[in-house]
Amino acid sequence: MTSAWKSPRAWVPALVALSCALGLLVAWVDPVKRQAQAQDARAPRITDEGRALLGGLAEGERLMGWTVQALDGPRDGLLHIELGRDQVGFALMVATKGTRAESAPVETERYVIFYGHVHPPETILPDGTIRATTHALARRIRAQEATVVVPGM
Amino acid sequence: MSARTWAVVLLLTAAYVGLAGAAVLDGRFLHDEGVLTHLLASLVGREPLATVFLQKARPPLAVLYAPVAPAGFGAFCWAHVLVAALAVPLVASTAARLGHARPELPAAVVALSPMHVAAGAAGLMNADAVVGVALVALSWSRQRWLTTGVVAGVLVWVRAELAVLALVLAVWAAWRRRPRVLLGLCAFPLVYGVAGAIYHRELVWMLWFPPALAAPMEGNPFWEAHQAQASLPVVMAAALSITPVVALLGLWRASSAHAVERAGLVFVGLFAGALVLLPRWQLFNFDLSPRYLLPVLPFLALAVSRVVEQWGAEPGAASPRRRGLGLLAFAILAFASERAGGRAGALVVGGLASLAVALGGAGLPALARVPLATLLALGPVVFGDGARIARHQHSPTLDRMVLRLREHPDWAGRPIYTNEPLLAEMFERGGGLPGSTVHYLVQADQLHELTSLSNPNNGQRQALLQALRLGFYGAPVMPDELTPSAVPAGAVFVLREDSRLALVMPPELWDPLLEVVYPGGGMTIALRREGGP
């Protein structure tokens, strides 16, 4: 039995099996999730009221086929919603009506919704995407804006 | 094959039927593409000629399942499982014909493939494609040249991507001077093409009305922002869901395989390469669904079987270098995949596969079968999610929709408007509101595809649209029919978030008319307000 393991036909694959076990050990000691958690600690934050205004929107949720990658604010009177898909990203910004000079593509009773920060920079977002995501966000806000007050906005 | 081998193969076939059948019963792989397969088969009964000469309808499959289609989606799913199960004995017969020592091993690889089980239960055409490829492999190994060509030719109208198999077969036939294969390959396209020319009154109808759009619909928000690039974790998960013993593929030696198996692996390589690249170029509406890769299963199973034959300690077995490099390549990919956010399960697979090869190399073949059998048995339980066919993956809000609707028995009897293609089927299964009709909002790109691929000049398009009135994911509402005046106050809108929805429900028109009841993540339930236009 022992002599059989002296054959490289046996011990070479056995070494690969050990390498896989080592890989599992690394995965256990330094899980990728832990790295993600470390990133989370530096990640932007949204207040509870801000999230409530957005209908409880959470990171990882889908908005019209786009994944919510980060939520932030209010910062400078704005809520930021970063959306991404297939290495393309952009942000939706929510501000109180009357606080911004520029005209917004979508308005609710109390808020306006802008978009921007498209990346990669040369990407042109199709009209349908902007329309769909801003209106989906507006639907959420309309359902909450009568009852939710967001300090800082 | 010996009687004992046949008994094992039959047992494996029964195991496949059991696994997939259980999934049919609990609906865990309920999938809109499966509902579509059933719908296309139903159309044959409603409008036979219009359906058969619509290439998009996958005519061979539509005709195959047409007799069972009127019995409902459940009966169709069971018939589909039984057809998909045929791949198991077909691959075993091929292995026996090609001189494999243990034909039951490739049969087990097919029977316990997590993705094949899921696709069979879901009613997906990809499982039928596996049976077709297995049939090609068997007739090829039996040197039934004409049959091989005919079946491969038909398969292109089952799954368009199987044109790669037809191409490989054609090159092989030309190289080996097998004109009957080439004749067979041309048979179905010729007969179907001529019959279609009479029906369409158009000689080149196949080009004018192809099986799929060459490019996505213009202005479709889903495709406009689609930049599909396959990531390593997704590809690794897909490969493991086809079969976890794919980890052994690096040990395969062309010199130990039959010419059919060598050509088969050329097909596997080209096919996988094409399906990873096509989505990047947005050709033929291909996205990155792992299920497109499933037809490689029969040839993959045969390759793994050859590897197992060669992993012993006897002279002529795989060399230590091949064992080391082949297994290490998989181990490195598994580790890189885990670091990129994939599951660590690939490393467990690599470890078990390497252990099996080590035990084989140590002259302990019986012990070597233990990790191999463990991998195969664990497959359907552990690696199914890589197929991305499960209901909780592609329709994560469906169960929540039904739950929320059940909270409102006062809505019973109200019309329900939805863009969720599986909601009507959930109602059929008794999960919805009594007395309510589910109206499916046909999406603009769905209508565009149907109208672009059918002939308006001979009545085909009109006949198909009329036939669809009898059922298309529920009672269909065409985009131009969805007007506020056509929807009664109090009607329930159950909407999954989909960037295409704005094309049929312009938010500036509909938002003021809807009272949102559940704004929930990924879906919205709203009621049509009183008033409005």
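Whatever comes next refers back to the structure up there.
No experiment lies behind these values; they were computed from the predicted model shown.

The rules behind the values
Residues numbered from 1 in each chain as written. Chains lettered and ligands numbered in written order. Predicted model: local features only at pLDDT ≥ 70, side-chain atom pairs only at ≥ 80, totals over all residues. Heavy atoms only, no water. Phe/Tyr/Trp six-rings, centres within 6.5 Å; stacked < 30°, edge-to-face > 60°. Helix = DSSP H or I, 4+ residues; strand = E, 2+ residues; numbered from the N terminus. Buried < 20%, exposed > 50% of the residue type's maximum accessible area, 1.4 Å probe, protein only. Lys NZ or Arg CZ within 6 Å of the ring centre and 35° of its normal. 1 Å grid on protein atoms, 1.4 Å probe; cavity = no way out; pocket = protein on both sides within 12 Å on 5 of 7 lines; lining within 4 Å. Points joined across faces, edges and corners; volume = space filled by probe spheres on them. Nonpolar A, V, L, I, M, F, W, Y, C, P; charged D, E, K, R; others polar. Pairing = 2+ DSSP bridges. Axes fitted to C-alpha atoms, helices over the stretch in contact; angles between N-to-C directions. Patch = residues over 30% accessible without salt bridge, like charges linked within 9 Å, V, L, I, M, F, W, Y side chains within 5 Å. Areas by Shrake-Rupley, 256 points an atom, 1.4 Å probe, with all protein chains shown as cover. Salt bridge = Lys/Arg side-chain N within 4 Å of Asp/Glu carboxyl O. Contact = heavy atoms within 4.5 Å. Buried area = accessible area lost by both parts, 1.4 Å probe. Polar contact = N/O pair within 3.5 Å; in protein donor to acceptor, adjacent residues only side chain to side chain. Parallel < 35°, antiparallel > 145°, perpendicular 65-115°, else oblique. Left-handed = near helix turned anticlockwise from the far one by under 90°. Arc of directions from axis to C-beta.

### Some thoughts on the packing of aromatic side chains
Right, on to step 1. Following the criterion strictly, the structure yields 19 aromatic pairs over all chains and no others.
Right, on to step 2. Aromatic side chains Phe267 of chain B and Phe299 of chain B sit 6.1 Å apart centroid to centroid with 70° between the ring planes, which places their arrangement in the edge-to-face category. Separated by 32 residues along the polypeptide, Phe267 of chain B in helix H16 (residues 259-281) and Phe299 of chain B in helix H17 (residues 297-309) bring together distant segments of the chain.
Right, on to step 3. Since its relative accessible area comes to 2%, Phe299 of chain B is described here as buried.
Right, on to step 4. Put simply, the rings of Phe53, Trp157, Phe188, Tyr192, Tyr199 and Trp205 of chain B pair up and form one aromatic cluster.
Right, on to step 5. When the ring centre of Trp66 of chain A is taken as origin, the NZ or CZ atom of Arg85 of chain A, which lies over that ring, is 4.8 Å away.

### Some words on the layout of surface pockets
All names here are of chain B.
Right, on to step 1. As a volume, the second largest pocket reaches approximately 640 Å³.
Right, on to step 2. Considering the residues around the second largest pocket, the lining is formed by 32 residues, among which His38, Phe73, Glu425, Glu428 and Gly474 are closest to the centre.
Right, on to step 3. Residue assignment for the lining of the second largest pocket shows that the elements contributing at least two residues are helix H1 (3-26), helix H2 (32-46), helix H5 (73-85) and helix H23 (423-428).
Right, on to step 4. The residue inventory of the lining of the second largest pocket, partitioned by class, reads 18 nonpolar, nine polar and five charged.

### Points about the sheet that holds strand S4 (residues 492-496) of chain B
Across a sheet, strands are paired by hydrogen bonds formed along the backbone, either parallel or antiparallel in direction.
All names here are of chain B.
Right, on to step 1. Strand order in this open sheet of six strands is S3-S2-S1-S4-S6-S5, and the pairing throughout is mixed. Every interior strand has two partners, whereas the edge strands, strand S3 (475-477) and strand S5 (514-518), have only one. Across this sheet, the average inter-strand angle for adjacent strands is 30°, counted without regard to direction.
Right, on to step 2. Strand direction decides the pairing type here: strand S2 (residues 438-441) and S3, joined by three bridges, are parallel.

### As for a nonpolar patch on the surface
Right, on to step 1. Among the surface-exposed residues, Leu22, Leu25, Trp28 and Val29 of chain A lie close enough to one another that they form a single nonpolar patch of about 480 Å² accessible area.
Right, on to step 2. With respect to the helices, strands and loops of the structure, Leu22 of chain A is situated in helix H1 (residues 8-29).

### Topic: the interface of chain A and chain B
Right, on to step 1. Listed as interface residues are 42 residues of chain A and, on the opposing side, 53 residues of chain B.
Right, on to step 2. Here chain A and chain B share an interface that buries about 3700 Å² over both sides, 63% of which is from carbon and sulfur atoms.
Right, on to step 3. When the buried surface of chain A facing chain B is broken down by residue, Arg9, Met64 and Arg139 of chain A rank first, second and third, together holding 19% of it.
Right, on to step 4. Here chain A is connected to chain B by three salt bridges.
Right, on to step 5. Inspection of the chain A/chain B interface yields six residue pairs in polar contact (both at pLDDT 80 or more).
Right, on to step 6. Elements with a minimum of two residues in the side of chain A that touches chain B: H1, helix H2 (32-42), strand S1 (62-63) and helix H4 (127-144) of chain A.

### Observations concerning the side chain of His200 of chain B
Residue and element names in this part refer to chain B.
Right, on to step 1. Mapped onto the elements of the fold, His200 is located in helix H12 (residues 179-200).
Right, on to step 2. Side-chain polar atoms of His200 contact the backbone oxygen of Phe53, separated by 3.0 Å.
Right, on to step 3. Not counting residues within four places of it along the chain, the set of residues in contact with His200 comprises Phe53, Trp205, Phe209, Asn455, Asn458 and Gln460.

### Notes on the pairing of S2 of chain B
All names here are of chain B.
Right, on to step 1. Side chains Val438 and Tyr440 of S2 all project onto a buried face; the interleaved residues His439 and Leu441 project onto the opposite face, where all are buried too.
Right, on to step 2. As paired strands, strand S1 (residues 416-418) and S2 are joined by three bridges and run parallel to one another. Bridging across to S2, Thr418 finds its partner in Tyr440.

### A look at the pattern of salt bridges
Right, on to step 1. Scanning the entire structure with this criterion turns up 20 salt bridges over all chains.
Right, on to step 2. For Glu338 of chain B, the salt bridge identified is with Arg339 of chain B, shortest N-O distance 2.8 Å.
Right, on to step 3. One salt bridge connects Glu481 of chain B with Arg469 of chain B, and the closest N-O pair in it is separated by 2.4 Å. With Glu481 of chain B in the loop between S3 and S4 and Arg469 of chain B in the loop between helix H25 (460-468) and S3, the pair connects residues that are twelve residues apart, well separated along the chain.
Right, on to step 4. Given a relative accessible area of 37%, Arg469 of chain B falls into the partly exposed group.
Right, on to step 5. Salt bridges sharing partners connect three or more residues here, namely Asp30 of chain A together with Glu338 and Arg339 of chain B.

### Topic: the pairing of strand S6 (residues 111-119) of chain A
All names here are of chain A.
Right, on to step 1. For strand S4 (residues 88-96) and S6, the ladder comprises seven bridges, and the chain directions are antiparallel. Note that in S6 the partner of Gly89 across the bridge is His119.
Right, on to step 2. Note that strand S5 (residues 106-107) and S6 share two bridges and pair antiparallel. Bridge assignment links Glu107 to a residue of S6, and that residue is Val112.
Right, on to step 3. In this structure, the hairpin formed by S5 and S6 is closed by a connection of three residues.

### Here's the deal with the packing of H2 of chain B against H25 of chain B
Packed helix pairs are specified by the crossing angle of their axes together with the interaxial distance, meaning the distance between the axes.
All names here are of chain B.
Right, on to step 1. It is at 10 Å that the axes of H2 and H25 come closest, and there the two elements cross at 110°. In terms of orientation, H2 lies roughly perpendicular with respect to H25. Helix-helix and strand crossings are classified by hand; for H2 and H25 the assignment is right-handed. For the pair formed by H2 and H25, the contact residues are Leu39, Leu43 and Arg46 on the first element and Leu464, Ala467 and Leu468 on the second.
Right, on to step 2. Taken together, the residues of the contact of H2 with H25 break down into five nonpolar, no polar and one charged.

### A short note on H25 of chain B
Residue and element names in this part refer to chain B.
Right, on to step 1. Listed as buried for H25 are Gln460, Ala463, Leu464, Ala467 and Leu468. All buried residues of H25 fall inside an arc of 135° around its axis, so they share one side.
Right, on to step 2. Looking at the buried positions of H25, the neighbouring elements they touch are H2, helix H3 (48-52), H12, helix H24 (444-453) and S3.

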